[in-house]
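Residue strings, one per chain:
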Amino acid sequence: MGFYYSASDFFKEKFGRKIYKISLDGGCSCPTRDGTLDTRGCIFCSGRGSGDFAPFPGLSVSEQIEEGKALVIKKLGRKRPDMSRRNFIAYFQNYTNTYGNPGRLYSMYLEALNHKDIAGLDIATRPDCLNTEILRYLGELAEKNFVIVELGLQTTNEKTASYIRRGFNNEAYFDAVKKLHDTCSSIHVVTHTIFYLPGETEADMIKTVEDSVNAGTDGIKISLLHVLKGTDLAEDYKKGLFTLPEMEEYFSVISKAIKKIPENIVIHRLTGDGPKNLLIAPLWTGEKKKVLNAMNKYFFSNNVYQGRN
């Protein structure tokens, strides 16, 4: 399996084959954008609400899946998957995909699951946007289908959370994890964290990971903060209010974070790549393959394999 339980390992174990995600635009908004909590969004979010890789707004869910599938197949070339099997997960990525009319959302999820090539759902959302009706729908779907719910936590440092305009407290996150598991034990809960948010120390980042583990998350995503054009975060960066790490400094911190994650928890991400046309910093993240190769080399040379919980 390797030295940590990766998403690739997890999907191969569950489905017996390589699984690919298709990023979709569900046409949702967010309480930090529609005036419920704010109108500016989180300080780091681009205009697409962290969905810059969901390139098909305006198309139906089924149409988006077909377009996304074609892009994956083109990218894979001769390594294309056996299309007689369900090889794709429908990833509702941008904005808050449990926020809005529950009936419309449920129809959207069903449309994706009814597509002949879709093996499951991945629904990105906020911990404070899981009402009773949405939870019931998610539970019904998860009884018969593979369902991931991604919770954007980012940090458990409440001061940082206020700065980034997150709009909910830590208790909302802990409560959301419990409610999802109580609704249906097979829902795979993934917690999304961001390292190097302005003002955060290494201890803050590690504590966020530890708090996520203690909350009972099934999986975790660790992303490095990206500064994107058009965001309020970009203005603070230009003012010199914070800095971002070089590659090896980041590798050093995530190496320590990995050792706090039990082997049964799936590590879905250890880095990320912002859209190159929007990326201001850190520019070294723009070459994802090079970063992953360098990360693996760093892990090998520094025995990151050792000391897992």
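Just so we're clear, the structure is a prediction, and the values are computed from it rather than from any experiment. (Residues numbered from 1 in each chain as written. Predicted model: local features only at pLDDT ≥ 70, side-chain atom pairs only at ≥ 80, totals over all residues. Heavy atoms only, no water.)

### Considering the overall build of the protein
Here is the rule we go by: Comment: elements are numbered from the N terminus, with helices defined as DSSP H or I runs of at least four residues and strands as E runs of at least two. Our radius of gyration looks at C-alpha atoms and nothing else; its globule reference is 2.2 Å times the residue count to the power 0.38. Three labels apply to residues, based on accessible area from a 1.4 Å probe with only protein chains included: buried if under 20% of the type maximum, exposed if over 50%, partly exposed otherwise in between. Any two residues having at least one pair of non-hydrogen atoms within 4.5 Å are treated as being in contact. By the counting rule applied here, Lys and Arg register as positive and Asp and Glu as negative, while His and the ends of each chain are not counted. Charged side chains are reduced to one point each, which is NZ for Lys, CZ for Arg, CG for Asp and CD for Glu.
In terms of helices and strands, the protein carries 10 helices and 9 strands. Taking 2.2 N^0.38 as the reference for a compact globule, 309 residues should give roughly 19 Å; the C-alpha atoms of the protein span a radius of gyration of 19 Å, in line with that estimate. By principal-axis analysis of the C-alpha atoms, the protein measures approximately 45 × 45 × 40 Å. Taken over 309 residues, the protein has a buried fraction of 55%. For the protein, the share of sequence-separated contacts (at least 6 apart) that also reach a separation of at least 24 residues comes to 80%. Distance between charge centroids for the protein: 6 Å, based on 41 positive and 37 negative side chains.

### Comments concerning unusual backbone geometry
Geometrically, the link from Ala 281 to Pro 282 is a cis peptide bond, its omega value of -10 degrees lying close to zero. Mapped onto the secondary structure, Pro 282 falls in the loop between strand S9 (279-281) and helix H10 (288-301). One non-glycine residue, Gln 154, adopts positive backbone phi at about 70 degrees. Tracing the sequence through the fold places Gln 154 in strand S4 (residues 146-154). Look at Gln 154 and you get buried, because its relative accessible area is 10%. Positive phi values are uncommon outside glycine, yet Asn 303 reaches one of about 50 degrees. Checked against the element boundaries, Asn 303 lands in the segment after H10.

### Things to note about the pairing of strand S1 (residues 20-24)
For a regular strand, side chains alternate in direction, first toward one face of the sheet and then toward the other. Going by this rule: Should DSSP find at least two bridges between two strands, the strands are taken to pair.
Most of S1 sits out of view: 4 of its 5 residues are buried. Of the pairings in the sheet, the one linking S1 to strand S2 (residues 88-92) comprises 5 bridges and is parallel in character. From the neighbouring strand, Tyr 20 faces S2, where its bridge partner is Phe 88.

### Here we look at the side chain of Thr 191
The test is simple: Whenever two N or O atoms come within 3.5 Å, that pair is a polar contact, provided that in protein one can donate a hydrogen and the other can accept it, and provided that, for residues adjacent in sequence, both atoms are side-chain atoms.
Here Thr 191 shows up in strand S5 (residues 188-195). A polar atom in the side chain of Thr 191 sits 2.7 Å from the side chain of Tyr 173. Excluding residues that lie within four positions of it along the chain, Thr 191 makes contacts with Leu 151, Leu 153, Tyr 173, Ser 212, Thr 217, Gly 219, Ile 220 and Lys 221.

### Concerning the pattern of salt bridges
Pairing between side chains of opposite charge can happen when the charged atoms of each approach one another. Filter applied, for reference: In what follows, salt bridge is the name for a side-chain nitrogen of Lys or Arg lying within 4 Å of a carboxyl oxygen of Asp or Glu.
Counted by the stated rule, this structure contains 19 salt bridges. One salt bridge in this structure joins Glu 158 and Arg 166, with 3.4 Å as the shortest N-O distance. The partner of Arg 165 in a salt bridge is Asp 232, and the shortest N-O contact between them spans 2.8 Å. Taken together, the residues Arg 165 in the loop between helix H5 (158-163) and helix H6 (170-183) and Asp 232 in helix H8 (residues 232-238) connect sequence positions 67 residues apart. Residue classification places Arg 165 among the buried residues on the basis of a relative accessible area of 14%. According to the relative accessible area criterion, Asp 232 is partly exposed, its value standing at 34%. Within the structure, one salt-bridge network assembled from shared partners comprises Lys 21, Asp 122, Glu 150 and Lys 221.

### Description of the packing of aromatic side chains
Applied cut-off: Geometry of aromatic contacts follows a simple scheme: Phe, Tyr and Trp rings, the Trp one being its six-membered ring, pair when their centres are within 6.5 Å, and the pair is stacked under 30 degrees between planes, edge-to-face over 60, tilted otherwise. Lysine and arginine charges are scored as sitting over a ring when NZ or CZ, respectively, is within 6 Å of the ring centre and within 35 degrees of the ring normal.
Under the defined criterion, the tally for this structure stands at 15 aromatic pairs. Here Phe 11 and Phe 15 contribute two aromatic rings whose centre-to-centre distance is 6.4 Å and whose plane-to-plane angle is 40 degrees, an arrangement assigned as tilted. Residue Phe 11 and its partner Phe 15 are both found in helix H1 (residues 7-15); the two are separated by 4 residues, about one turn of the helix. Note on accessibility: Phe 11 and Phe 15 belong to one class, buried. Here Tyr 250 and Trp 284 contribute two aromatic rings whose centre-to-centre distance is 6.3 Å and whose plane-to-plane angle is 45 degrees, an arrangement assigned as tilted. Note that Tyr 250 is positioned in helix H9 (residues 247-258) and Trp 284 in the loop between S9 and H10, a separation of 34 residues in sequence. Of the two residues examined, Tyr 250 and Trp 284, each falls in the buried class. Put simply, the rings of Tyr 5, Phe 10, Phe 11, Phe 15 and Phe 146 pair up and form one aromatic cluster. Lys 21 extends its terminal NZ or CZ atom over the ring of Tyr 91, reaching a point 4.6 Å from the ring centre. A cation over a ring is seen here: Arg 136 above Tyr 137, with NZ or CZ 4.9 Å from the ring centre.

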